[in-house]
Amino acid sequence: MSKIYDVIILGAGPAGLTAGIYAGRNQLSTLIIEQGQDGGQIALTADIENYPGQSLIGETGISLAERMAEQAVSFGVERVSDAIDNVELNGGVKALRGKRGIYHAKTVILATGAFPKPIGCKGEAEFIGSGVSYCATCDGAFFQDLEVYVVGGGDSAVEEAMFLTRYARKVTIIHRRDALRASKIVQERAFANPKIEFLWDTVVEELKGEGTLNAMVVKNVKTGELTEIHADEKDGMFGVFGFIGFSPRTDLFKDQLTLENGYIVTDENMNTNLPGVYAVGDVRKKKLRQVVTAAADGAIAAMEANEYLQSLE
């Protein structure tokens, strides 16, 4: 058997990195496993402005995650890049099997986060990377001086729409209701932005084009009327960005942990139904999914893991 860690943290978003900081400070042997970029969902966020103590100017999701990661490593936390495809969470020693190896620990903190939900319309998959995106900071620059459409009405959708105005000639928010769900301050900024327009009570039915996206069919949910929107002839294409929510990354755990609507059920101390297994951040059932609550989850889980390990001595 390979080294048995005190704690393995699966995922390096704000929740996982904070758990690493707290576990490392408690001198627990700790490993963080992440298959992609540090930061989780905040790595896709252009501007951070509501995390306590952040840099007031120029703070991005990536810059905040980088500092969190450096802080965790400074406390002796080990890192590995791997994609885990099987977990065994029962028993005193848990096992996580990845592409590069098998990892063992007495406790596991699951911080696998969530991924964007598809818009759910005909033709969507065909145009991913050719007009359809779910990340404004990743792909916004590809739509310089073009028109783009943002599907959604929550904070993420409206904030990303405002970010896209840095590049796009015009940004239209498509929302299935007649009012946004975003916070008031975010709404006010969007309404005041001259480059943002709105299509209310509307859903996207179909995306069209030959090679690149240049047309779509939308439906008014109140009247049932269908409208086909075409790209400006001089542009030849437009962009559609989907921000209608997220789905938790819990497929690996569905046969071992208690889930509700796909999210891991925990108590207020991040305990799952299995001893020594904790869930934090966007992957767990909770009301508010923000960087600050993810960090709090991570801190609580690490302290719970520490107490659990002490009980084994």
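Residues numbered from 1 in each chain as written. Predicted model: local features only at pLDDT ≥ 70, side-chain atom pairs only at ≥ 80, totals over all residues. Heavy atoms only, no water.

**Student:** How do you make sense of the overall build of the protein chain when you look at a structure like this?
**Tutor:** Looking only at helices and strands, the protein chain features six helices and 19 strands. For the protein chain, the C-alpha atoms occupy an extent of roughly 70 × 40 × 35 Å along the three principal directions. Sequence-distant contacts, at least 24 apart, represent 59% of the contacts inside the protein chain between residues at least 6 apart. Total accessible area on the protein chain is roughly 15,000 Å²; 49% of this is exposed by carbon and sulfur atoms. Counting 31 positive and 42 negative side-chain charges, the protein chain places the averaged centre of each group 3 Å from the other. (Helix = DSSP H or I, 4+ residues; strand = E, 2+ residues; numbered from the N terminus. Contact = heavy atoms within 4.5 Å. Areas by Shrake-Rupley, 256 points an atom, 1.4 Å probe, with all protein chains shown as cover. Lys, Arg positive; Asp, Glu negative; His and termini not counted. Charge placed at Lys NZ, Arg CZ, Asp CG, Glu CD.)

**Student:** Whenever I open this one, the environment of Val203 confuses me. Can you help?
**Tutor:** If you trace the backbone, Val203 turns up in strand S12 (residues 202-210). Its relative accessible area of 13% is what places Val203 among the buried residues. Once residues lying within four places of it in the same chain are set aside, the contact partners of Val203 are Ile174, Arg176, Val217, Val218, Lys219 and Val221. (Buried < 20%, exposed > 50% of the residue type's maximum accessible area, 1.4 Å probe, protein only.)

**Student:** Hey, could you run me through the sheet that holds strand S14 (residues 226-230) in this one?
**Tutor:** Sheet strands associate in pairs through backbone hydrogen bonding, adopting either a parallel or an antiparallel arrangement. The strand order across the open sheet formed by three strands is S12-S13-S14, and the pairing between neighbours is antiparallel. Here the strands that pair on one side only, and so sit at the sheet edges, are S12 and S14. The sheet shows a mean angle of 25° between the axes of neighbouring strands, direction not considered. (Pairing = 2+ DSSP bridges. Axes fitted to C-alpha atoms, helices over the stretch in contact; angles between N-to-C directions.)

**Student:** Sorry, what's going on with helix H2 (residues 61-74) here?
**Tutor:** Residues spaced three or four apart along an α-helix point in a common direction, a consequence of the helix completing one turn every 3.6 residues. Taking 1.5 Å per residue as the helical rise, H2 with its 14 residues ought to reach 20 Å, and the 20 Å between its terminal C-alpha atoms agrees with that figure. Structurally, H2 contributes buried residues whose contacts are with helix H1 (14-25), strand S3 (78-80) and helix H6 (291-312). Looking one or two residues past H2, Gly76 carries a phi angle of roughly 90°, positive in sign. (Expected span 1.5 Å × (residues − 1).)

**Student:** What should I look at first to understand the nonpolar core in this one?
**Tutor:** One recurring pattern in soluble globular proteins is that nonpolar side chains are buried together. In terms of nonpolar packing, the biggest core is built from 32 residues, with Val7, Tyr51, Leu64, Ile109, Tyr278 and Val280 touching the most fellow members. Counting residues per element, the ones that place at least two in this core are strand S1 (4-10), H1, H2 and H6. For this core, the element with the highest residue contribution is H6, accounting for eight residues. (Core = buried A, V, L, I, M, F, W, Y, C linked by side-chain atoms within 4.5 Å.)

**Student:** What's the story with unusual backbone geometry in this structure? I'm lost.
**Tutor:** One can expect most non-glycine residues to show negative phi and most peptide bonds to be in trans. Of note in this structure, Asp145 is not a glycine but carries a positive phi near 65°. Examined against the element boundaries, Asp145 turns out to sit in the loop between helix H3 (136-139) and strand S9 (147-151). The exposure class of Asp145 is partly exposed, given its relative accessible area of 49%. Even without glycine at this site, Met270 takes up a positive phi of about 75°. Turning to its location among the elements, Met270 is positioned in the loop between strand S18 (263-264) and strand S19 (277-279).

**Student:** Help me out: how do you make sense of the pairing of S12 in this one?
**Tutor:** The side chains of a regular strand alternate between the sheet's two faces. The pairing of S12 with strand S13 (residues 212-220) spans eight bridges and is antiparallel. Paired with Glu206 across the strands is Val217, a residue of S13.

**Student:** Teacher, can you tell me more about the packing of aromatic side chains here?
**Tutor:** Here the distance between the centres and the angle between the planes together describe a pair of aromatic rings. Summed over the entire model, instances satisfying the criterion amount to six aromatic pairs. Ring centres of Phe191 and Phe198 lie 5.1 Å apart, and the angle between their planes is 55°; this geometry places the pair in the tilted category. Overall, Phe191 belongs to the partly exposed group, its relative accessible area being 46%. Take Phe198: its relative accessible area is 22%, and that puts it in the partly exposed class. A centroid spacing of 6.4 Å and a plane angle of 10° characterise the contact between Phe241 and Phe243, whose relative ring orientation is stacked. With relative accessibility at 11%, the residue Phe243 sits in the buried group. (Phe/Tyr/Trp six-rings, centres within 6.5 Å; stacked < 30°, edge-to-face > 60°.)

**Student:** For this particular structure, what's the right way to read the sheet that holds strand S10 (residues 170-174)?
**Tutor:** The sheet built from five strands is open, its strands ordered S8-S15-S9-S10-S11 with parallel pairing. Edge positions in the sheet fall to strand S8 (132-133) and strand S11 (196-199), since each of these pairs with one other strand and no more. Of the pairings in the sheet, the one linking S8 to strand S15 (residues 239-242) comprises two bridges and is parallel in character. Bridge assignment links Ser133 to a residue of S15, and that residue is Phe241. This element, helix H4 (residues 155-164), spans S9, S10, S11 and S15 of the sheet and lies at about 170° to S9.

These results come straight from atomic positions and should not be treated as a statement about function.
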